[in-house]
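Structural overview for review
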Amino acid sequence: MSTSLKEDICGVTIPGTLVADIKRSRVEQCLPLEVQYACLHWVKHLRRSDVQLRDNDYVHQFLQKHLLHWLEALGWMQKISEGILEIISLESIASVENCPSLYGFIHDLKRFALHNRVGIEQAPLQVYHSALFFTPVMSIVRRQFSNKTPWWIKRGPEVGANWSARLQTLEGHFGPVYGIAFSPDGKQLASGSWDKTVRIWDAAMGATLQALEGHSGQVYAVAFSPDGKQLASGSYDMTVRIWDAATGATLQTLEGHSDGVYAVAFSPDGKQLASGSVDMTVRIWDAATGATVQTLKGHSDEVYAVAFSPD
């Protein structure tokens, strides 16, 4: 990679050139398969080699010189998400080694890649332009590659000195988001929106894994089953849907409420599902068959939340 990667490796010149506008044959010509393999798997090989990372070693020097080249290449390959996973893996290796300077660089690199993932995915040369300019002033990556910022930009945007607490901004819905839930293992995040869809995201990378369509009204609530294999959603279309979290297929459409559903929750064993509605009732459903087990009445107003006791 040190001998192959360089700035504007595909020779497109214009910073705003989109990945979608470049033929795959051109990418493969400029990034031969062996280089693509190295870009995707060098961290895996590093981990398996049991190498001891140190400050200012060859890994550190590679990143200090070729980091932006590597991210650009991953952008043209349409593999930024995979690259972020490699960065996270590299960070875990460095965290247990005696290399505070290298670890700090990698941690900052992770924040840089997550913050600029969408832009680099769409237009890889933006890694040298907007990505650097919209990165905090004290970022290690920004300072390391300050000589890469274009000479013709006389004044950049005002940004903070350091990274904020916000790790990622997940974009994809076309309306307000009303409900969110993490999967039990913390690896995925579900969101329900006014745009009538449910999205499942990779929590580490921020990429959309599934966009679930089927509701005819706004989605107000989402909940993962205890094993993370299913996802329930409640909608203003008066239904609750149970989805296969891996494939996005609809497993059950639960009908019975006479108005919008604002809340859903799985029982701890995953066998039952509760829902709260504008119709002032709570329903308990059999999660396997979709049958109504109980209809709980007594509220004098809309039901916004439901929860099972631990037993």
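Each remark here, short or long, concerns the structure printed above.
Conventions adopted
Numbering of residues starts from 1 in every chain and runs along the sequence as written. Predicted model: local features are reported for residues with pLDDT of at least 70 only, side-chain atom pairs are reported and counted for 80 or more only, and whole-chain, interface and lining totals are derived from all residues. Note: side-chain values were computed over all heavy atoms of the structure, leaving out hydrogens and water. Between any two strands, at least two bridges found by DSSP are needed for them to pair. Runs of E in the DSSP output that reach at least two residues are strands. Runs of H or I that reach at least four are helices, and both are numbered from the N terminus. Under this scheme, a helix contributes an axis fitted over its contacting stretch, all axes are lines through C-alpha atoms, and angles between N-to-C directions fall in the 0 to 180 degree range. Using a 1 Å grid laid over the protein atoms alone, points where a 1.4 Å probe fits but cannot get out form a cavity; open sets with protein on both sides within 12 Å along at least 5 of 7 lines form a pocket; any residue with an atom within 4 Å of a point counts as lining. Grid points are joined across faces, edges and corners, and a volume is the space filled by probe spheres set on the points. By the convention adopted, Pro, Cys, Tyr, Trp, Phe, Met, Ile, Leu, Val and Ala count as nonpolar, Lys, Arg, Asp and Glu as charged, and the other residues, Gly among them, as polar.

1. Topic: the sheet that holds strand β10 (residues 272-277)
- Judged by pairing direction, the sheet is antiparallel, and its 4 strands sit side by side in the order β9-β10-β11-β12 without closing on themselves. The outermost strands of the open sheet, each flanked by one partner alone, are β9 (261-266) and β12 (292-297). Strand-to-strand twist in this sheet, taken as the mean axis angle between neighbours without regard to direction, amounts to 15 degrees.
- Both strand β11 (residues 281-286) and β12 contribute to a ladder of 5 bridges, which runs antiparallel. Looking at the pairing, Val282 lines up with Leu296 of β12.

2. Re the layout of surface pockets
- In this model, the largest pocket occupies a volume close to 440 Å³.
- Around the largest pocket sit 25 residues that line it, and Leu114, His115, Asn116, Arg166 and Thr169 are the ones nearest its centre.
- Among the secondary structure elements, those contributing two or more residues to the lining of the largest pocket are α5 (100-122) and α6 (130-133).
- Broken down by element, the residue count for the lining of the largest pocket peaks at 8 residues, all from α5.
- Along the lines of polarity and charge, the residues of the lining of the largest pocket split into 10 nonpolar, 11 polar and 4 charged.
- The computed volume of the second largest pocket comes to approximately 160 Å³.
- Its residues assigned to classes, the lining of the second largest pocket comprises 5 nonpolar, 1 polar and 1 charged.

Structural measurements only, silent on function.
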